[in-house]
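Here's the letter readout for the chains.
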Amino acid sequence: MKTPDITLSTTDFDRLDNLLASLSQDTVGYDTLSQELQRAIIVPPQQLPADVVSMNSTVRFSLANGKSSTLTLVYPKDADPSGDKISILAPVGSALLGLKCGDSINWPLPGGEMSVITVDEVIYQPERAGAYHR
């Protein structure tokens, strides 16, 4: 499966780059997020397509086994144990970043097994709502 392109706003890119700079390179999720940032297409927040998963977006996605979930993609400090908000450093979090509705990616899950993750719907996106500098 070809890895789909990802698109990030300049705001998200800068904040995530700063997050990585503040972390130790052996932090769980560091390498994966770093690799995603390196391959991203960067656009001004006002030009981010409305169907792209950005930081603080709420997204419905499904796994290859048919399980569907709805989560909000957040910075590590905002993740919560309820499971409604997922850290960008979590495997599924970094997988979702920058994908658009309909995109699928083959990605390792927390247990190490591989699964295809498909973005079914971007329910809420801050940029689409006009929140460019949240």
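Above this note sits the structure.
Asker: How should I be thinking about the pattern of salt bridges in this particular structure?
Answerer: When their charged atoms lie close together, side chains carrying opposite charge are able to pair. In this structure the tally under the stated criterion is five salt bridges. For E121, the salt bridge goes to R60, with nearest N and O atoms at 3.4 Å. Pair noted here: E121 is in strand β7 (residues 114-124) and R60 is in strand β3 (residues 58-63), with a separation of 61 residues, a long-range link. Between D103 and K100 there is a salt bridge, and its shortest N-O distance comes to 3.2 Å. One salt-bridge network, in which partners are shared between bridges, spans R60, D120 and E121.

Asker: Would you mind going over the packing of helix α1 (residues 10-22) against helix α2 (residues 30-39) with me for this structure?
Answerer: Helix-helix packing is described using two parameters, namely the angle between the two axes and the distance between the axes. Between α1 and α2, the shortest axis-to-axis distance is 11 Å and the interhelical angle comes to 145 degrees. Judged by the twist between their axes, the crossing of α1 over α2 is left-handed. When α1 is examined against α2, the residues F13, L16, D17, L19 and L20 are found in contact with a partner set consisting of Y30, L33, S34 and L37. Residues belonging to the contact of α1 with α2 are distributed by class as follows: seven nonpolar, one polar and one charged.

Asker: Sorry, what's going on with the side chain of E36 here?
Answerer: Here E36 is to be found in helix α2. Setting aside residues no more than four positions away along its own chain, E36 makes contact with I6, S94 and W107.

Asker: Got a minute to help me understand the sheet that holds β3 in this structure?
Answerer: Paired through their backbone hydrogen bonds, the strands of a sheet run either parallel or antiparallel. Overall, mixed pairing links the five strands, which are arranged β5-β4-β3-β7-β6 in an open sheet. Looking at which strands have only one partner, the edges of the open sheet turn out to be β5 (85-87) and β6 (104-108). Neighbour to neighbour, the strand axes of the sheet diverge by 45 degrees on average, direction disregarded. In this structure, β3 lies alongside β7, joined through six bridges in antiparallel fashion. Bridge pairing links F61 to V119 in β7.

Asker: Can you help me understand the side chain of T118 in this one?
Answerer: Along the polypeptide, T118 turns up in strand β7. A distance of 2.6 Å separates a polar atom in the side chain of T118 from a polar atom in the side chain of S104. Discounting chain neighbours no more than four positions away, the residues touching T118 are R60, F61, S62, G102, D103 and S104.

Asker: When you look at the nonpolar core in this model, what are you seeing that I'm missing?
Answerer: A general tendency of soluble globular proteins is for nonpolar side chains to be buried together. Residues L16, L33, F61, I88, L96, L97 and I117 are the most contacted members of the largest nonpolar core, which totals 31 residues. Elements supplying a minimum of two residues to this core: α1, α2, β3, β4 (68-74), α3 (91-96), β6 and β7. Apart from residues no more than four positions distant in its own chain, I117 is found in contact with F61, S62, L63, V92, A95, L96, D103, S104, I105, W107 and L109.

Asker: What should I look at first to understand unusual backbone geometry in this one?
Answerer: Leaving glycine aside, a negative phi is the common case for residues, and trans is the common case for peptide bonds. A positive phi angle is found at N56, which is not glycine, with a value near 70 degrees. A residue is classified by how much of its surface remains accessible, and N56, at 22% relative accessible area, is partly exposed.

Asker: Would you explain the environment of E127 in this entry?
Answerer: By secondary structure assignment, the location of E127 is in the segment after β7. Along the chain, E127 and S54 lie 73 residues apart, while their C-alpha atoms are 8.1 Å from each other. A polar atom in the side chain of E127 sits 2.6 Å from the side chain of S54.

Conventions used here
- Residues numbered from 1 in each chain as written.
- Predicted model: local features only at pLDDT ≥ 70, side-chain atom pairs only at ≥ 80, totals over all residues.
- Heavy atoms only, no water.
- Salt bridge = Lys/Arg side-chain N within 4 Å of Asp/Glu carboxyl O.
- Helix = DSSP H or I, 4+ residues; strand = E, 2+ residues; numbered from the N terminus.
- Axes fitted to C-alpha atoms, helices over the stretch in contact; angles between N-to-C directions.
- Left-handed = near helix turned anticlockwise from the far one by under 90°.
- Contact = heavy atoms within 4.5 Å.
- Nonpolar A, V, L, I, M, F, W, Y, C, P; charged D, E, K, R; others polar.
- Pairing = 2+ DSSP bridges.
- Polar contact = N/O pair within 3.5 Å; in protein donor to acceptor, adjacent residues only side chain to side chain.
- Core = buried A, V, L, I, M, F, W, Y, C linked by side-chain atoms within 4.5 Å.
- Buried < 20%, exposed > 50% of the residue type's maximum accessible area, 1.4 Å probe, protein only.

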